[in-house]
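Structure assessment
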There are 2 protein chains.
Amino acid sequence: MAPTMDNNTTTITTVEIIKEMPEEAHPMKGGDDLNSYSQNSCYQKGVIEAAKAVIVEAVHEKMDLENNIITTFDPSKPFRIADFGCSTGPNTFFAMQNIVEVVDNRYKSLLKNQQVEFHVYFNDHANNDFNMLFRSLPQNRDYFAAGAPGSFYSRVFPKASLHFAHCSYALHWLSKVPKEIQDKNSPAYNKGRIHYTGTEKQVVKAYFSQFQKDLDSFLKARAQEIVGGGLMVIQIPGLPSGEVLFSRTGAGMLHALLGSSLMDLVNMGIISEESVDSFNLPQYHPSIEELEMLIEMNGSFTLEKIGALNHPMKNLAFDAQMTSLQVRAIMEGILTKQFGDKILDQLFEIYTNKLQENYIVFDKEIRKDADLFLILKRKIN
Amino acid sequence: MAPTMDNNTTTITTVEIIKEMPEEAHPMKGGDDLNSYSQNSCYQKGVIEAAKAVIVEAVHEKMDLENNIITTFDPSKPFRIADFGCSTGPNTFFAMQNIVEVVDNRYKSLLKNQQVEFHVYFNDHANNDFNMLFRSLPQNRDYFAAGAPGSFYSRVFPKASLHFAHCSYALHWLSKVPKEIQDKNSPAYNKGRIHYTGTEKQVVKAYFSQFQKDLDSFLKARAQEIVGGGLMVIQIPGLPSGEVLFSRTGAGMLHALLGSSLMDLVNMGIISEESVDSFNLPQYHPSIEELEMLIEMNGSFTLEKIGALNHPMKNLAFDAQMTSLQVRAIMEGILTKQFGDKILDQLFEIYTNKLQENYIVFDKEIRKDADLFLILKRKIN
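Here is what the cut-offs are and how they apply
- Residues numbered from 1 in each chain as written.
- Chains lettered and ligands numbered in written order.
- Predicted model: local features only at pLDDT ≥ 70, side-chain atom pairs only at ≥ 80, totals over all residues.
- Heavy atoms only, no water.
- Disulfide = S-S within 2.5 Å.
- Buried < 20%, exposed > 50% of the residue type's maximum accessible area, 1.4 Å probe, protein only.
- Helix = DSSP H or I, 4+ residues; strand = E, 2+ residues; numbered from the N terminus.
- Pairing = 2+ DSSP bridges.
- Salt bridge = Lys/Arg side-chain N within 4 Å of Asp/Glu carboxyl O.
- pLDDT = per-residue confidence, 0-100.
- Contact = heavy atoms within 4.5 Å.
- Axes fitted to C-alpha atoms, helices over the stretch in contact; angles between N-to-C directions.
- Parallel < 35°, antiparallel > 145°, perpendicular 65-115°, else oblique.
- Left-handed = near helix turned anticlockwise from the far one by under 90°.
- Nonpolar A, V, L, I, M, F, W, Y, C, P; charged D, E, K, R; others polar.

**Notes on the state of the cysteines**
Residue and element names in this part refer to chain B. Taken as a whole and assessed by the stated rule, the structure comprises 0 disulfides over all chains. As a non-bridged cysteine, Cys86 has Cys167 as the owner of its nearest cysteine sulfur, 10 Å distant. Residue classification places Cys86 among the buried positions, given a relative accessible area of 1%.

Written as structure tokens, this is what we have:
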């Protein structure tokens, strides 16, 4: 069954627990042991594979190779692709290989006897495990590879140097926790919780405001870096169209239960209440309408397509143990920074039990998560 | 005193113990502890600073910006620089900053109101410590940075994508130990020694033959990657013009004494004789005449300048302890691979003593080492 774009689709809950790349960098767990990101990112791989068909369609329908083959897409020059927030692989390798293949096929259908060369840049924070990324680069890749360290909320590349940008499950990580929710005197102070599920409207507003700033910074930087007519594919966990509340999604529930597991540790006297009060996940899950509005306001890109990705992984039954492992691979860095690493085993034991207890609700609610998929095109100035 | 190029100059012995990047990759000691490369590379930094004046001169005299500013050196496109065999810094940062500054100044003298952007690529083997490199990138750099993993004896970049290449103290590392010298039945078998100092002519010949192949692979790959008219600066420890034998240079003596220290461990029953017999340093120190010949044979570059760099570090008195630390920072990886890491402390204690015993000879012979400095220009097809 080919994956499709569907504005009304809903998806599996683990969409939430995805790749990462915040400004206050909390890298994915490196290496390749049982708790590492590389061993616990198969859901994301499923999404990337599902996205492939949509990327193929985008390159065919939206990338105007024919009319710009002398200028923007000159085949004698390298075609440059960047993955923003790549983490340590292997998902970034699948995604990049997919893009290289479809673009290469389009060139081949237009040109004879000319081989276009591809330069693929892997971007993530400087504290990402680039050593592991570089050592696991596919041997038989059809591109030249480079790593580009730095926050994608700032410039990473020279002007007009990219033909294709990709950003998968990274943009929901905010550059920082909104100030207001850490301020005891603010109405947005987020006491006893670690995210905005089930909280005051002021908390949600503070989160959205930070997301708005961050997305605009991201789009402004990319607008400088991507050639006019170049494409950008964004995948981000979010809310489908309509009136779905984040707290009624699987992702929202996962965050709420992680907060509640931390509060259990407070009640057991293992960590302080203050350490939980001052801890907040720097993530925002936008709706389709919010994204449409923010991209329009930025003004540098046309939104060629937006929707929720409908893919086979959605239909998997909820698995508490696997979900817990996945959440741990994503969150271990940020949790260790706040609480140290000694609480992790106990925390995730409690968490797994809570997920198991809520099995029935989860298995239903997780269908409301949406893997949002966007295709943007850099306007030609 | 400004550094100068001098074909008859001689230099300090530690020129030998320099940056590295073999095909059988033996990375510099990472991290920043007392034995790390980053803490033991100040001699190399002295050389890089001395090289700055020569690079400035080269960019002014040899880079034809004026006549190619519309095409090759279009200021609206990024100016791309690569450091081949960069190791972990900080020397690569000094070198890249120097190149960016001088090129930027030349653009500024020609253009008003146009800021050229620089993209700097740091190349080394995938097992180099890129994490450390990325985390120590200068905060206030005037360029976009990327890491490009891979052996420089193969292609690392797309066709015609570099404007300036730099390779400092890396090309003397061969892609592998020549086969013949490991073959017990060959006349080039290198028993009881770890390099070609004081050995049979067949051994030297086997080493030169490998260097010839490797340099040609390097030049062929760079010829593809560097734009016509683009420059390449190479620094390599070698022999000055004339009849100086490698065994009578400080570098040659350093290698011979390291071999003899290993043989001491054999006699003490700590390592096996066979493990020393089968260990050989994959390094070659070419003469000016050899380099001239090989570059001419390759045919893709004009040799704009070649000579030995005359710099202030040359006049330092020989220091056995410091030299031993420097050699260890370079050799620890390759030695550990062959002998394990348990012998290192004892080996370098013996080695330091031997250096100390030979103080007077060293302090004289080390002046014969040459920091060779080459400026090549990619021919315009």
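Still more to cover.
**Remarks on the pairing of strand 8 (residues 370-378) of chain B**
Residues and elements named next belong to chain B. Most of strand 8 sits inside the fold, with 9 of its 9 residues counted as buried. Of the two faces of strand 8, both are covered, the one formed by Ala370, Leu372, Leu374, Leu376 and Arg378 as well as the one formed by Asp371, Phe373, Ile375 and Lys377. Across 8 bridges, strand 6 (residues 226-238) lies against strand 8 in antiparallel orientation. Counterpart to Ile234 in the pairing with strand 8 is Leu374. Of the pairings in the sheet, the one linking strand 7 (residues 301-310) to strand 8 comprises 7 bridges and is antiparallel in character. Bridging across to strand 8, Thr302 finds its partner in Lys377.

**Regarding the pattern of salt bridges**
Residues and elements named next belong to chain A. Scanning the model with the defined rule gives 32 salt bridges over all chains in all. Across the salt bridge formed by Arg155 and Glu225, the nearest N and O atoms sit 3.7 Å from each other. With Arg155 in the loop between strand 4 (144-149) and strand 5 (162-168) and Glu225 in helix 4 (residues 201-225), this residue pair connects regions lying 70 residues apart in the sequence. Among the residues examined, Glu225 registers a relative accessible area of 0% and is labelled buried.

**Regarding unusual backbone geometry**
Both trends apply: most residues other than glycine have a negative phi, and most peptide bonds are in trans. Residues and elements named next belong to chain A. Non-glycine residue Asn113 carries a positive phi angle of around 60°. Within the secondary structure, Asn113 is located in the loop between helix 2 (91-110) and strand 3 (118-124). By relative accessible area, Asn113 is classed as exposed at 83%. The phi dihedral of Ala160 falls on the positive side, at around 45°, and the residue is not glycine. Counting through the fold element by element, Ala160 comes out in the loop between strand 4 and strand 5.

**Describing the confidence of the model for chain A**
Residue and element names in this part refer to chain A. Per-residue pLDDT for chain A has a mean of 86; in total, 85% of the residues score no lower than 70. Counting interchain partners and residues more than four positions distant, the pLDDT-below-50 stretch residues 1-22 has 113 contacts. Scoring the predicted complex yields pTM 0.87 and, for the interface, ipTM 0.86.

**Quick notes on the packing of helix 8 (residues 320-339) of chain B against helix 9 (residues 344-357) of chain B**
Axes are the key here: two packed helices are described by the angle between their axes and the distance separating the axes. All names here are of chain B. Direction vectors running N to C along helix 8 and helix 9 enclose 140°, while the axes themselves pass 10 Å from each other. One way to sum up the angle between helix 8 and helix 9 is to call them oblique. In this structure, helix 8 meets helix 9 at a crossing whose hand is right-handed. Where helix 8 abuts helix 9, its residues Ala320, Gln321, Thr323, Ser324, Val327, Arg328, Glu332, Leu335 and Thr336 lie against Leu344, Asp345, Leu347, Phe348, Tyr351, Thr352, Leu355 and Gln356. Of the residues assigned to the contact of helix 8 with helix 9, the class counts are 8 nonpolar, 6 polar and 3 charged.

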